[in-house]
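Letter by letter, the chains look like this.
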Amino acid sequence: MLELTKTLVETWGPPGYEHRIRNRIHEEVAALADETWVDGLGNLICRVGGGEKKVLIAAHMDEIGLMANYQEPESGYLRFTSLGGLRHDTLNGNRVQFEDGTVGVIAVQEGGGKALSDFYIDVQEDGNGNATPVGQPAAFMREMQVRGERIVAKSLDDRIGCVVAIEVMRRLKRETPHELYFAFTVQEEVGLRGAKTAAQGVRPDIGIAIDVTGSGDQIRGSKMQVKLGGGAAIKVHDPGLVVPIAIKNWMIERCEADGIPYQLELLTGGRTDASVIQLTDSGVPSGCISIPTRYLHTTSETVDIGDVQACIDLLSGLLTNPIELQQAH
Ligand code: CO
Ligand code: ZN
């Protein structure tokens, strides 16, 4: 699991430019699916089985990044726009990489730091004869580190969700009573775009997003029940999704039956692919299994290995047992 995680978090793939990470994931999953294809927006979709219920499992493969949009004529410094939710307080001094390998250092002009226009990228010493990166996207650079039970890395949002999905596919060995569609979605960080076409293409009976969530165990952090090491987080609510009672209970009962550690997730800021999947056709009951994460959208996102394992156990339990959702009362 750790080796796969390292490979995925360190593979380049900002929103709209997921070709490298998609190829990498395809290598992992090709033998684990009955059929794979890429839809018109770029989502990689993998069908496993052909039985009872159609379940769409979505994990987004894009990572936050930026795009150079102007080069200062004198200095050659690059101005840039965001591809996803950049945190201004973590930009200064960070390194980014363009697709051709050009490395840039993000700097902030004196007295600035509030607006994105206060920052610039220094690539002037590159010297490799690479073209001016205006119009080119870049992703952050940072190696993954494991400290005890914790993984520290960039882009665990949502490559760790991709890891959970792939590990479950490995465990299933193409055996399931259901018809599963594992979707590695594009452009989540710029507005949940990939999940929309993935769900329209698949037209599932049930949707499950696998994504990261925040944690309430940081200094002066937001008031949130979720903590690292507390198990798989079963989403109850976020600003884009009120999880149907039947879906929530389906997940809780699975955890209780299999002895999987879990916690309930109530997130006050942020949405996932599940919030667009639920709006497909005449409505798709959808939920989300979340991996508790500290320092979201920084280059040192931090998760607990036991929590990731619990998410893998929960998802594989859900997909290998008969699904009977209780009626809403
Ligand atoms: Co994100
Ligand atoms: Zn995410």
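Thresholds applied
- Residues numbered from 1 in each chain as written.
- Chains lettered and ligands numbered in written order.
- Predicted model: local features only at pLDDT ≥ 70, side-chain atom pairs only at ≥ 80, totals over all residues.
- Heavy atoms only, no water.
- Helix = DSSP H or I, 4+ residues; strand = E, 2+ residues; numbered from the N terminus.
- Buried < 20%, exposed > 50% of the residue type's maximum accessible area, 1.4 Å probe, protein only.
- Contact = heavy atoms within 4.5 Å.
- Areas by Shrake-Rupley, 256 points an atom, 1.4 Å probe, with all protein chains shown as cover.
- Lys, Arg positive; Asp, Glu negative; His and termini not counted.
- Charge placed at Lys NZ, Arg CZ, Asp CG, Glu CD.
- Pairing = 2+ DSSP bridges.
- Axes fitted to C-alpha atoms, helices over the stretch in contact; angles between N-to-C directions.
- Expected span 1.5 Å × (residues − 1).

Enquirer: I'd like to hear about the overall build of the protein chain, residue by residue, with values.
Expert: When helices and strands are counted, the protein chain shows seven helices and 18 strands. Its C-alpha atoms give the protein chain principal-axis dimensions of about 65 × 45 × 40 Å. Considering the protein chain as a whole, with its 329 residues, one finds that 54% of them fall into the buried category. Long-range pairs, those at least 24 residues apart, make up 75% of the contacts in the protein chain with a sequence separation of at least 6. When the accessible area of the protein chain is evaluated, it comes to approximately 14,100 Å², of which 46% is carbon and sulfur surface. One finds the centroid of the 31 positive side-chain charges in the protein chain at a distance of 3 Å from the centroid of its 45 negative side-chain charges.

Enquirer: Now, about the sheet that holds strand E10 (residues 145-147): what can you tell me, with residues and values included?
Expert: Backbone-to-backbone hydrogen bonds join strands into a sheet, with any given pair of strands oriented parallel or antiparallel. The three strands lie next to each other as E10-E11-E18, forming an open sheet whose pairing is antiparallel. Edge positions in the sheet fall to E10 and strand E18 (301-304), since each of these pairs with one other strand and no more. The mean inter-strand angle of the sheet, taken between neighbouring strand axes irrespective of direction, is 25°. As paired elements, strand E11 (residues 150-153) and E18 share four bridges and run antiparallel to each other. Residue pairing for E18: Val-152 is matched across the bridge by Thr-302. Where helix H3 (residues 156-172) meets the sheet, its contacts fall on E11 and E18, and the angle it forms with E18 comes to roughly 30°.

Enquirer: Lay out helix H5 (residues 245-258) in plain terms, naming residues and giving numbers.
Expert: Compared with an ideal rise of 1.5 Å per residue, which puts 14 residues at 20 Å, H5 spans 20 Å between its outermost C-alpha atoms and is within 8% of the ideal. Packed against the buried residues of H5 are strand E13 (206-213), strand E14 (232-238), strand E16 (262-266), strand E17 (286-292) and helix H7 (305-320). Looking one or two residues past H5, Gly-259 carries a phi angle of roughly 65°, positive in sign.

Function cannot be read off these values alone, since they describe shape.
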